[in-house]
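Structural overview for review
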Amino acid sequence: MKNNNIGISKFLSYILRHKPESIGLSLNTEGWADINELVRLADKSGNAITLTDITSTVKADAKGRFSISDDGRYIRAVQGHSLKSVDLKLTEAIPPACLVHGTAQRFIDNILKEGLVPKQRQYVHLTENINTAKQTGSRYGKPVVLAIDSQKMHAAGYLFYKSENNVWLTKSVPPIYITISK
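Quick look at the structure, then. Since the structure is predicted, the reported quantities are computational estimates derived from the model, not experimental observations.

**As for the overall build of the protein chain**
Looking only at helices and strands, one finds six helices and nine strands in the protein chain. On C-alpha atoms alone, the protein chain measures out to a radius of gyration of 17 Å, which is about the 16 Å that the 2.2 N^0.38 rule sets for 182 residues. Seen through its C-alpha atoms, the protein chain measures out along the principal axes to roughly 50 × 35 × 25 Å. Residue pairs at least 24 apart in sequence account for 71% of intrachain contacts in the protein chain once pairs closer than 6 positions are excluded. Accessible surface, the protein chain as shown: approximately 10100 Å² in total, 50% of it carbon and sulfur.

Quick look at the structure:
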């Protein structure tokens, strides 16, 4: 594997969020993987990484996608899982009045009809930061920022969670709570 943080981050995201079995790795029910086992199995699968590569990547990741346990023995992705077997033990939180979601222009008609759904992931990802939403939306085409009336959603009984890296998570966002941000 190329020894760079972006390549390692993408590899870790794939393994820790979606396909640990692709290298023979097991995650516990909270998504933690033994770092030494991850290094060993990554190398065995042709993706040589070191403990130093992992810790450097985690420290350099401005989005805080990963967490290393206090004892330094385990690693996990802090959100974004498609694995239904992972329960991050998130605590409910009261969201701010408005959150935002970045998407691409080509998805707008469907979103305004169906709402936001997690697709293969466990949760819809929301943020308080418009620039983060724009950046996320630009990965898929011309970016559009959607404003989510999270206060009304919460009052209507929808649950919100805040991940370790300040991403807001909810199971879905019905269209009545979505407006296109100007």
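**A closer look at the sheet that holds strand 4 (residues 99-104)**
Spatially, 4-6-9 is the arrangement adopted by the three strands of the open sheet, whose pairing is antiparallel. Bordering the open sheet on either side are strand 4 and strand 9 (178-180), each of which pairs with just one other strand. Between one strand axis and the next, the sheet turns through 35° on average, direction left out of account. When strand 6 (residues 143-148) meets strand 9, the two strands line up antiparallel, connected through three bridges. Its bridge partner being in strand 9, I148 is matched across the sheet by I178.

**What to know about the side chain of R76**
Summarising the element assignment, R76 is placed in strand 3 (residues 74-77). The buried category is assigned to R76, whose relative accessible area is 8%. At a separation of 2.9 Å, a polar atom in the side chain of R76 contacts the main-chain carbonyl oxygen of E30. Here the side chain of R76 touches E164 through a polar contact of 2.9 Å, side chain to side chain. What R76 contacts, discounting residues up to four positions off in sequence, is L16, E30, G31, W32, R65, F66, S67, L88 and E164.

**Here's the deal with the packing of aromatic side chains**
Enumeration over the complete set of coordinates arrives at two aromatic pairs. Their ring planes at 75° and their centres at 5.7 Å tell us that Y158 and Y177 sit as a pair that is edge-to-face. With Y158 in the loop between helix 6 (150-155) and strand 7 (161-162) and Y177 in the loop between strand 8 (168-170) and strand 9, the pair connects residues that are 19 residues apart, well separated along the chain. A relative accessible area of 11% places Y177 in the buried class. Sitting above the plane of the Y123 ring, K171 keeps its charged end 4.5 Å from the centroid.

**Thoughts on the nonpolar core**
Membership of the largest hydrophobic core comes to 19 residues, with the highest contact counts inside it found for F11, L12, L16, L25, L38, I54 and I75. Sorting the residues of this core by element identifies helix 1 (5-18), helix 2 (35-44), helix 3 (51-60) and strand 3 as the ones contributing at least two each. Excluding anything up to four places from it in sequence, L12 contacts R17, L38, T57, F66 and I75. In this structure, V124, M153, F160 and V173 belong to the second largest nonpolar core, which totals 15 residues.

**Re the pattern of salt bridges**
When charged atoms on two side chains of opposite charge get close, those side chains can pair. Taken as a whole, this structure holds seven salt bridges when the rule is applied. In this structure, K162 and E128 form a salt bridge, with 3.6 Å as the shortest nitrogen-oxygen distance. Note that K162 is positioned in strand 7 and E128 in the loop between strand 5 (124-126) and helix 5 (130-138), a separation of 34 residues in sequence. Exposure remark for K162: the relative accessible area of 35% places this residue in the partly exposed category.

**Points about unusual backbone geometry**
Notably, K89 is not glycine yet its phi reads approximately 55°, a positive angle. Inspection of the secondary structure puts K89 in the loop between strand 3 and strand 4. Of note in this structure, N166 is not a glycine but carries a positive phi near 70°. With respect to the secondary-structure elements, N166 resides in the loop between strand 7 and strand 8.

Parameters at a glance
- Residues numbered from 1 in each chain as written.
- Predicted model: local features only at pLDDT ≥ 70, side-chain atom pairs only at ≥ 80, totals over all residues.
- Heavy atoms only, no water.
- Helix = DSSP H or I, 4+ residues; strand = E, 2+ residues; numbered from the N terminus.
- Rg over C-alpha atoms; globule rule 2.2 N^0.38 Å.
- Contact = heavy atoms within 4.5 Å.
- Areas by Shrake-Rupley, 256 points an atom, 1.4 Å probe, with all protein chains shown as cover.
- Pairing = 2+ DSSP bridges.
- Axes fitted to C-alpha atoms, helices over the stretch in contact; angles between N-to-C directions.
- Buried < 20%, exposed > 50% of the residue type's maximum accessible area, 1.4 Å probe, protein only.
- Polar contact = N/O pair within 3.5 Å; in protein donor to acceptor, adjacent residues only side chain to side chain.
- Phe/Tyr/Trp six-rings, centres within 6.5 Å; stacked < 30°, edge-to-face > 60°.
- Lys NZ or Arg CZ within 6 Å of the ring centre and 35° of its normal.
- Core = buried A, V, L, I, M, F, W, Y, C linked by side-chain atoms within 4.5 Å.
- Salt bridge = Lys/Arg side-chain N within 4 Å of Asp/Glu carboxyl O.

Any link to function would need more than the numbers given here.
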